[in-house]
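Listed here are the chains, written in short residue letters.
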Amino acid sequence: MAKTASDTKAKHAAKGAAGGQGEVKKSKAAARKAKGIGGTGKKAAKAETKAAAIAAAETAARPDAFGTVAKATVASATAEKPPQEEDLAVATVRKVAMEGAKTRSEHDLLGDGEVPSDALWGIHTKRAVANFPITGVPVGHYPELVRALALVKQAAARANHRLGYLPKGKAKIIDEACTLVATDPAYAEAFVVDAIQGGAGTSTNMNANEVIANVGLRLMGRAPGDYAALHPNDDINMAQSTNDAYPTALRLAVIFATQPLVKALDDLAYAFKSKAVEFADVLKMGRTQLQDAVPMTLGQEFDGFHATIKEDVARLTEIVGLFREVNLGATAIGTGLNADPRYAALAVEELSRLAGQPMVLASNLIEATSDLGAFVLFSGVLKRVAVKLSKICNDLRLLSSGPRTGFGEIRLPAVQAGSSIMPGKVNPVIPEVVNQVAYMVIGHDLTVTLCAEGGQLQLNAFEPTIGYCVLSSLRMLTAAIDTLTKRCIEGIEADRERCRSLVQGSIGLVTALAPTLGYEASSRIARRALRENRTVAELVLEEGLLTEAQLNELLELEAMTHPTRRQKAGTVG
């Protein structure tokens, strides 16, 4: 199990939650502007400060999962670092030690169970952690999903309050608790259930209900587990089922997670375009089926990479819109049982406001509860991105192969030693890791397809695995593309002399002369050049087929790399 949010709050603050702070600031600003049962921005800020004070007081006196005092961790993390050193995110596996720990007793339909006294999760979460030790990847690994879950619960609370079912006091506390969970990345540590689980996401939903209830209880000055004052199911989960709350949160999480991927792709496209401009005058040989074809510029090759990436940005932006349609209010199977007939529309309205996204209620909630076609289509687009990225990386590896015995037309940045036995060897490790990420994404797409097909009757029980695959693909692709851009593409250099020498020695150069010499003469010259190991240019001059001036004109850069042949007579129709 992972540590609770309060155990790691100071640690996250010290680290700056690399990459998450910008999103946190935006979310907090949105929370301050939000109107409704949550009160004014000052009230939300007050609640956040109160929760932070509670967490800080507990953290100062309690050791973390590794037995070191948290405040010592803060001091270490904030110590001055050597210049030009980067923070490194190192993977760790954490567990909560139950033996000898202070606990509280909770009850569910299976009986009583002990939970760490300060844990923000409860007995339902504890059972789920024991039942699903599958991937070791908890729900909290996906901050977009944690944020989305909190926003769904917040929207539900606001709708239930507007309809008169949730008292003002409880509604206010739930609203403030959800704001904290949605905006502070430290709370992700309390979402400890494995991302892949049985039960169609019930464990994730219960985990969210318990965390929000216990955060709310702390805001009320009560101890975690005092559910008589604020109950995870009766209050946090009011008018909801896992079958509408979880799918809605998952769809919203995909929307959130797609935004950084689109930005990463835009940055990659810009990097390719910059190189296209830089290499615009670098003549090289184009190849088809790995054989010499016709001349082109290295700039044209990189501009092709730019264009194909921009196409993917357009497709992603278009397809992700399918996730704006949600089934919130459908409850168990789409009939809306246990929810006010007005609830669904109000809940989606509140969710749109909170998320800053134009969410809409599905026209048929029974269909929307069981159909996962949007995930199949979206996963297919992610596969398309992966396939095209992998192809580009294959090209980069070929173009940089050598350095003496391969193509050697470009030089990739040297980022690490390439061999433990061959001194001086440098490998194309960045394109290689992108290739491997692409293979993972392609595999995830097949898994999504099978999970969507495997649904039965009014619900698909395999949505957690779909969520795991899609969110993992989004996360990996974003990281891989950022790495490719910053640690490879931006530092690529052209070997101009190598490129030109390969063109001059290529038999494919004769194709540029074919419109003037004719196909038969050009074929004869090509055969001689190959047989005699001579250049096309010297054979053309030797046979007197062209003058040197004519030859130079036909082999000029602009003539060889752009359409140049014109009709001998007549006009364009």
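Above this text sits the structure in question.
Here goes a summary of the coordinates provided. (Residues numbered from 1 in each chain as written. Predicted model: local features only at pLDDT ≥ 70, side-chain atom pairs only at ≥ 80, totals over all residues. Heavy atoms only, no water.)

What to know about the overall build of the protein chain
Note the threshold: The helix and strand labels rest on DSSP assignments: H or I over at least four residues marks a helix, E over at least two residues marks a strand, and numbering proceeds from the N terminus. Exposed residues in this analysis have more than 50% of their type's maximum accessible area, buried residues have under 20%, and partly exposed residues fall in between, with area computed by a 1.4 Å probe over protein chains only. Two residues qualify as a contact provided that any one of their heavy atoms is within 4.5 Å of a heavy atom in the partner residue. Accessibility throughout is a Shrake-Rupley quantity obtained with a 1.4 Å probe, and a residue counts as covered only by protein chains that appear here.
Per the secondary structure count, the protein chain includes 22 helices and eight strands. Looking at the protein chain as a whole, 49% of its 573 residues are labelled buried. Considering only contacts within the protein chain whose residues lie at least 6 apart along the sequence, 74% involve residues at least 24 apart. A total accessible area of about 27,500 Å² is found for the protein chain, and carbon and sulfur atoms account for 56% of it.

Re the side chain of Asn-205
Counted only if it meets this: Polar contacts, as used here, are pairs of N or O atoms within 3.5 Å; protein pairs need one atom able to donate a hydrogen and one able to accept it. Residues neighboring in sequence count only if both atoms are side-chain atoms.
Residue position: Asn-205 is located in helix H8 (residues 202-219). A polar contact is formed between the side chain of Asn-205 and the side chain of Thr-242, at a distance of 3.0 Å.

As for the pairing of strand E2 (residues 111-116)
Which entries qualify depends on this criterion: In this description, strands pair whenever DSSP reports at least two bridges between them.
One ladder, built from six bridges, connects strand E1 (residues 103-108) with E2; its direction is antiparallel. Note that in E2 the partner of Asp-108 across the bridge is Gly-111. Linking two consecutive strands that pair antiparallel, namely E1 and E2, is a turn of two residues.

Some details on unusual backbone geometry
Residues Gly-402 and Pro-403 are joined by a peptide bond in cis, for which omega reads 10°. You can see Pro-403 is positioned in the loop between helix H14 (373-399) and strand E7 (410-411). Unusually for a residue other than glycine, Ala-200 sits at a positive phi of about 60°. Residue position: Ala-200 is located in the loop between helix H7 (168-183) and H8. One non-glycine residue, Thr-331, lies in positive phi territory at about 50°. Of note, Thr-331 is situated in the loop between strand E5 (325-326) and helix H12 (343-355).

Topic: a nonpolar patch on the surface
Keep this limit in mind: Like charges within 9 Å and nonpolar side chains (Val, Leu, Ile, Met, Phe, Trp, Tyr) within 5 Å are joined into patches, using only residues over 30% in relative accessible area that form no salt bridge. Between Lys or Arg on one side and Asp or Glu on the other, a salt bridge is scored when a side-chain nitrogen of the former is within 4 Å of a carboxyl oxygen of the latter.
A cluster of nonpolar side chains, Val-387, Tyr-439 and Ile-442, forms an exposed patch at the surface whose accessible area comes to about 260 Å². With relative accessibility at 42%, the residue Val-387 sits in the partly exposed group.

Thoughts on the pattern of salt bridges
Tallying each qualifying case throughout the model produces 38 salt bridges. With a shortest N-O distance of 3.2 Å, Arg-315 and Glu-318 are connected by a salt bridge. Remark: Glu-318 and Arg-315 occur in helix H11 (residues 298-319); sequence separation between them is three residues, near one turn of the helix. A residue is classified by how much of its surface remains accessible, and Arg-315, at 32% relative accessible area, is partly exposed. The salt bridge partner of Arg-353 is Glu-349, with a shortest N-O separation of 3.1 Å. Remark: Glu-349 and Arg-353 occur in helix H12; sequence separation between them is four residues, near one turn of the helix. Residue classification places Glu-349 among the partly exposed residues on the basis of a relative accessible area of 35%. Several salt bridges share partner residues, and in doing so they unite Arg-524, Arg-528, Arg-531, Glu-532, Arg-534, Glu-538, Glu-542 and Glu-543 into one network.

With respect to helix H15 (residues 429-453)
To keep things clear, this is the line we draw: Each residue after the first adds 1.5 Å to the expected span of a helix.
Relative to the 36 Å expected for 25 residues at 1.5 Å per residue, H15 spans 37 Å between its end C-alpha atoms, a close match to the ideal helical length. For H15, the complete set of buried residues consists of Val-429, Ile-430, Pro-431, Val-434, Asn-435, Val-437, Ala-438, Val-441, His-444, Asp-445, Val-448 and Cys-451. For H15, the secondary structure elements touched by its buried residues are H14 and helix H16 (463-487).

Considerations on the nonpolar core
Heads up, the condition is: Nonpolar cores are built from buried Ala, Val, Leu, Ile, Met, Phe, Trp, Tyr and Cys residues. Side-chain atoms within 4.5 Å join them into one set.
Phe-302, Phe-378 and Leu-484 are the most contacted members of the largest nonpolar core, which totals 123 residues. With 19 residues, helix H10 (residues 242-278) is the largest single contributor of residues to this core. Non-local contacts of Leu-484, meaning those with residues more than four positions away in its chain, are made with Leu-268, Leu-389, Cys-393, Leu-396, Ile-430, Val-434 and Ile-489. With 18 residues, the next largest nonpolar core counts Val-503, Val-536, Leu-546 and Met-560 among its residues.

What to know about the environment of Ala-417
Here Ala-417 is to be found in the loop between E7 and H15. Measuring from C-alpha to C-alpha, the distance between Ala-417 and Val-429 comes to 9.8 Å, with 12 residues separating the pair along the chain.

Side note on the packing of helix H6 (residues 143-162) against H12
Here is the rule we go by: The axes are straight lines fitted to the C-alpha atoms, using for helices just the contacting stretch, and the angles between their N-to-C directions are given from 0 to 180°. Note on angle classes: values under 35 degrees are labelled roughly parallel, values over 145 roughly antiparallel, values of 65 to 115 roughly perpendicular, and the remainder oblique. The hand of a helix crossing depends on one turn: near helix anticlockwise from the far one by less than a right angle means left-handed, and clockwise means right-handed. Under the scheme applied, nonpolar residues are Ala, Val, Leu, Ile, Met, Phe, Trp, Tyr, Cys and Pro; charged residues are Asp, Glu, Lys and Arg; polar residues are all the others, including Gly.
Their axes nearest at 8 Å, the elements H6 and H12 cross at an angle of 130°. In terms of orientation, H6 and H12 fall into the oblique class. Remark: the crossing between H6 and H12 carries right-handed chirality. Along the contact surface, H6 presents Arg-147, Leu-151, Val-152, Gln-154, Ala-155, Ala-156, Arg-158, Ala-159, Asn-160 and Arg-162, while H12 presents Tyr-343, Leu-346, Ala-347, Glu-349, Glu-350, Leu-351, Arg-353, Leu-354 and Ala-355. Taken together, the residues of the contact of H6 with H12 sort by class into 11 nonpolar, two polar and six charged.

Brief notes about the packing of aromatic side chains
This is how it is decided: Any two of the Phe, Tyr and Trp rings considered here, Trp counted by its six-membered ring, make a pair once their centres fall within 6.5 Å; the pair's planes then place it as stacked at under 30 degrees, edge-to-face at over 60, or tilted in between. Only when the NZ atom of a Lys or the CZ atom of an Arg is both within 6 Å of the ring centre and within 35 degrees of the ring normal do we say a charge sits over the ring.
Counted under the stated rule, the structure contains six aromatic pairs. Between Phe-323 and Phe-378, the aromatic rings sit 5.3 Å apart at their centres with planes inclined by 80°, giving edge-to-face as the arrangement. Linking Phe-323 in the loop between H11 and E5 with Phe-378 in helix H14, this pair joins segments that are 55 residues apart in sequence. Given the relative accessible area of 0%, Phe-323 is considered buried. An aromatic cluster is defined as three or more aromatic residues linked by ring pairs; in this entry it consists of Phe-272, Phe-279, Phe-302 and Phe-305. A cation over an aromatic ring shows up here: Arg-147 above the ring of Phe-256, its NZ or CZ 3.8 Å from the ring centre. Arg-287 extends its terminal NZ or CZ atom over the ring of Phe-407, reaching a point 4.2 Å from the ring centre.

With respect to the side chain of Arg-528
Take Arg-528: it is sitting in helix H19 (residues 519-532). On the basis of relative accessible area, Arg-528 is assigned to the buried category, the value being 15%. In this structure Arg-528 touches Asn-533, Arg-534, Leu-539, Glu-542 and Glu-543, once residues within four positions along its chain are discounted.

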